Amino acid sequence: MLRILKAVFVVGLLALSQSAGAETITTRTGEDTFINGAHVDQTISEAGDTFVGARSARIAGTSQGDLHVSGFDVTVTADASEDLYVMAATATVRGNVGEDLSVMGYSVRTEASSETKGNVRLLGSSVTVDGSAGGALTVTGRNVILNASIAGDVRILAQTLSFGPDAVVAGTLTYSTPDEVRVPQSVAADDRVFFEQVSSERVWEEWEVIGEEMPALPTFASMFFGFIVSLLFFVALMAVLLSFMPARIAAMRRATAKAPGQTLLLGVLGLSVLIGMVPITALTIVGLPFTPIAILTIVAAWTLGYALGAYNVAMRVWTGFGGDDDPVALMRLLIFAGAIACIALLNFIPFVGWVANYTLVLLGIGAMTRAVFQSFITTPDAVLDVDMTPIRD
């Protein structure tokens with residue numbers, strides 16, 4: 001059992017980079033709250049500062065301190081009592097901000113439901129300002145649309161600038177564009193509008209480069225690099241398992257091939273026990289410090305289960321086509337790598353990819369659950385009846 005715990009701990013450390021993809025993790029240090037995950041959709045209610053990092057984030061609720069959100073696709077409907085900072089490829093702000101708002105991204109938008117008490121600073125290629133500001137507004141963007149009420153001064157640096165029907169500037173409006181644009185009287189009186197011409201060739205050539213290098217979706221190169229890193233991780237993990245416990249892995253594989261349905265049910269049971277460890281450990285109060293260890297155990301078991309499930313299925317397919325039941329270690333790793341590549345392709349099929357991955361996880365965890373149960377069961381002697389004579393079938 002001690003060796004099993006050590007293995008879980010080591011694999012958990014190796015799988016930390018995968019943990020964000022498995023679930024949303026929330027940690028607290030003092031009054032600071034940190035939220036991390038691949039896809040975070042969460043309602044917050046924090047007394048201090050909140051930091052959120054994810055590929056895609058949907059944040060609602062309230063932050064009594066500063067709110068920091070970063071990711072690829074970010075939407076903030078939460079209200080920040082103090083400052084709000086957002087950095088994303090696509091950033092949308094819908095909540096209210098008690099002090100200042102700062103947003104940087106490729107596509108930036110503050111919606112009409114957003115109201116900022118202090119200053120607003122926006123940087124992006126496409127910037128749309130529908131949310132009002134009680135202070136000053138500073139915008140740098142390629143294409144800028146102003147359609148909100150601004151109580152303070154406004155300074156805009158843009159290649160194209162347009163105004164919506166709700167645009168009102170109470171202070172001075174200073175804008176810099178390649179050519180002078182007509183500012184409606186409803187936005188600001190002529191004596192409060194100042195134009196500073198800027199050369200488009202020098203200022204905007206960098207935006208051209210950004211526009212070419214930042215598509216709406218991840219590039220093929222970035223996706224391929226992520227696949228290679230994941231493939232190397234799982235191949236290295238399987239190489240370690242085959243090196244240190246080849247007999248145990250072979251026994252798990254044969255048991256899974258013999259009873260796949262039973263293994264799936266054991267996987268459901270084993271995963272349920274692991275997930276149930278988290279609230280049970282927390283409810284004991286004294287076990288609260290061990291809750292992160294329980295979460296880490298789930299992550300490690302999920303990763304191990306995925307690897308073992310993929311290996312078991314790959315070897316079953318290999319032997320089904322007439323392959324050797326006990327190939328050399330290098331051939332096993334090549335078969336396993338091919339299985340991981342095929343499973344990665346299934347992820348492009350909606351729903352089917354998720355079902356395939358989850359089934360592999362249950363198969364692997366089921367194999368581990370069976371091994372744990374068998375370790376607690378000793379070899380029984382002959383069964384005797386009450387008069388101590390052997391019972392014959």
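Note that the structure is a prediction, hence the values are computed from the model and not measured. (Residues numbered from 1 in each chain as written. Predicted model: local features only at pLDDT ≥ 70, side-chain atom pairs only at ≥ 80, totals over all residues. Heavy atoms only, no water.)

Colleague: Just checking my understanding: could you explain the packing of aromatic side chains for this structure?
Modeller: The relative placement of two aromatic rings is captured by the distance of their centres and the angle of their planes. Counted according to the given criterion, the structure contains six aromatic pairs. Aromatic side chains Phe 34 and Phe 51 sit 5.1 Å apart centroid to centroid with 15 degrees between the ring planes, which places their arrangement in the stacked category. With a gap of 17 residues between them, Phe 34 in strand β2 (residues 32-46) and Phe 51 in strand β3 (residues 50-63) connect regions that are remote in the sequence. Phe 34 sits in the partly exposed class, given a relative accessible area of 34%. Arranged with centres 5.1 Å apart and planes meeting at 40 degrees, the rings of Tyr 175 and Phe 195 form a pair that is tilted. On the criterion of sequence distance, the pair formed by Tyr 175 in strand β15 (residues 173-176) and Phe 195 in strand β16 (residues 193-195) is long-range, its members being 20 residues apart. According to the relative accessible area criterion, Tyr 175 is buried, its value standing at 1%. A residue is classified by how much of its surface remains accessible, and Phe 195, at 28% relative accessible area, is partly exposed. Grouping aromatic residues by their ring pairs yields a cluster made of Phe 233, Phe 234 and Tyr 306. (Phe/Tyr/Trp six-rings, centres within 6.5 Å; stacked < 30°, edge-to-face > 60°. Helix = DSSP H or I, 4+ residues; strand = E, 2+ residues; numbered from the N terminus. Buried < 20%, exposed > 50% of the residue type's maximum accessible area, 1.4 Å probe, protein only.)

Colleague: Help me out: how do you make sense of the packing of helix α8 (residues 291-320) against helix α9 (residues 329-346) in this one?
Modeller: When two helices pack together, their arrangement is captured by the angle between the axes and the distance separating the axes. Contact geometry for α8 and α9: axes closest at 9 Å, N-to-C directions at 105 degrees. As judged from the angle between their axes, α8 and α9 are roughly perpendicular. Touching Tyr 306, Ala 307, Ala 310, Tyr 311, Ala 314, Met 315 and Trp 318 of α8 are Met 331, Arg 332, Ile 335, Phe 336, Ala 339, Ile 340 and Ile 343, all from α9. Of the residues contributing to the contact of α8 with α9, the split by class is 13 nonpolar, no polar and one charged. (Axes fitted to C-alpha atoms, helices over the stretch in contact; angles between N-to-C directions. Parallel < 35°, antiparallel > 145°, perpendicular 65-115°, else oblique. Contact = heavy atoms within 4.5 Å. Nonpolar A, V, L, I, M, F, W, Y, C, P; charged D, E, K, R; others polar.)

Colleague: Sorry, what's going on with the pattern of salt bridges here?
Modeller: Side chains that differ in charge, positive against negative, can pair when their charged atoms come close. Using the criterion set out here, one finds 10 salt bridges in the structure. The residue Asp 73 makes a salt bridge to Arg 58 at a minimum N-O spacing of 3.0 Å. Note that Asp 73 is positioned in strand β4 (residues 67-76) and Arg 58 in strand β3, a separation of 15 residues in sequence. According to the relative accessible area criterion, Asp 73 is partly exposed, its value standing at 24%. (Salt bridge = Lys/Arg side-chain N within 4 Å of Asp/Glu carboxyl O.)

Colleague: How should the environment of Ile 295 be read in this particular structure?
Modeller: Within the secondary structure layout, Ile 295 lies in helix α8. Put simply, Ile 295 and Leu 274 are 21 residues apart on the chain and 8.5 Å apart in space, counted from C-alpha to C-alpha.

Colleague: Explain a nonpolar patch on the surface to me, please; I cannot follow it from the model alone.
Modeller: On the surface, Leu 269, Val 273, Met 277, Val 372, Phe 373 and Phe 376 cluster together to form a nonpolar patch covering roughly 520 Å² of accessible area. Counting residues per element, the ones that place at least two in the nonpolar patch are α7 (260-283) and α10 (352-376). Examined against the element boundaries, Leu 269 turns out to sit in helix α7. (Patch = residues over 30% accessible without salt bridge, like charges linked within 9 Å, V, L, I, M, F, W, Y side chains within 5 Å. Areas by Shrake-Rupley, 256 points an atom, 1.4 Å probe, with all protein chains shown as cover.)

Colleague: Mind showing me how you'd approach the pairing of β15 here?
Modeller: On any regular strand, side chains alternate: one points to one face of the sheet, the next to the other face. Burial of β15 is two-sided: the residues Leu 173 and Tyr 175 facing one way and the residues Thr 174 and Ser 176 facing the other way are all buried. Relative to β15, strand β13 (residues 154-163) is paired through four bridges, and the arrangement is parallel. The partner of Ile 156 across the bridge, within β15, is Tyr 175. Sheet topology note: the β15/β16 ladder contains three bridges and is parallel. Note that in β16 the partner of Leu 173 across the bridge is Val 193. (Pairing = 2+ DSSP bridges.)

Colleague: Help me out: how do you make sense of the side chain of Thr 256 in this one?
Modeller: Within the secondary structure, Thr 256 sits in helix α6 (residues 246-258). Residue classification places Thr 256 among the buried residues on the basis of a relative accessible area of 5%. In terms of polar contacts, Thr 256 uses its side chain to reach the backbone carbonyl oxygen of Met 252, at 2.8 Å. In this view, Thr 256 contacts Thr 263, Asn 312, Leu 363, Ala 367 and Arg 370; residues no more than four positions away in its chain are not counted. (Polar contact = N/O pair within 3.5 Å; in protein donor to acceptor, adjacent residues only side chain to side chain.)

Colleague: What should I look at first to understand the pairing of β4 in this one?
Modeller: Relative to β4, β3 runs parallel, the two sharing eight bridges. Across the sheet, Gly 53 pairs through a bridge with Ser 70, a residue of β4. Both β4 and strand β6 (residues 84-93) contribute to a ladder of nine bridges, which runs parallel. Residue pairing for β6: Leu 67 is matched across the bridge by Leu 84.

Colleague: Would you explain α8 in this entry?
Modeller: Note that an α-helix has 3.6 residues per turn; residues three or four places apart therefore point the same way. The first and last C-alpha atoms of α8 sit 43 Å apart over 30 residues, in line with the 44 Å expected at 1.5 Å per residue. Phi turns positive one or two residues past the end of α8, at Gly 322, with a value near 95 degrees. (Expected span 1.5 Å × (residues − 1).)

Colleague: Would you mind showing me how to read the confidence of the model for the chain here?
Modeller: Summary statistics for the chain give a mean pLDDT of 81 and a share of 83% for residues scoring 70 or more. Under a pLDDT of 50 for its full length, residues 213-217 has, in the predicted model, four contacts with residues more than four places off or in other chains. (pLDDT = per-residue confidence, 0-100.)

Colleague: Which parts of the structure should I look at to understand the nonpolar core?
Modeller: One finds Leu 84, Leu 122, Leu 137, Leu 146, Ile 156 and Leu 173 to be the most contacted residues of the largest nonpolar core, which totals 46 residues. Not counting the four nearest positions on each side in its chain, Leu 173 is found in contact with Val 154, Ile 156, Phe 163, Val 183, Val 187, Arg 192, Val 193 and Phe 194. Leu 231, Tyr 311, Ala 337 and Ile 340 belong to the second largest nonpolar core, which has 32 residues in total. (Core = buried A, V, L, I, M, F, W, Y, C linked by side-chain atoms within 4.5 Å.)

Colleague: How should the side chain of Arg 370 be read in this particular structure?
Modeller: Tracing the backbone through its elements, the reader meets Arg 370 in helix α10. Asp 325 provides the closest opposite charge to the buried, unpaired Arg 370, separated from it by 15 Å. (Lys, Arg positive; Asp, Glu negative; His and termini not counted.)

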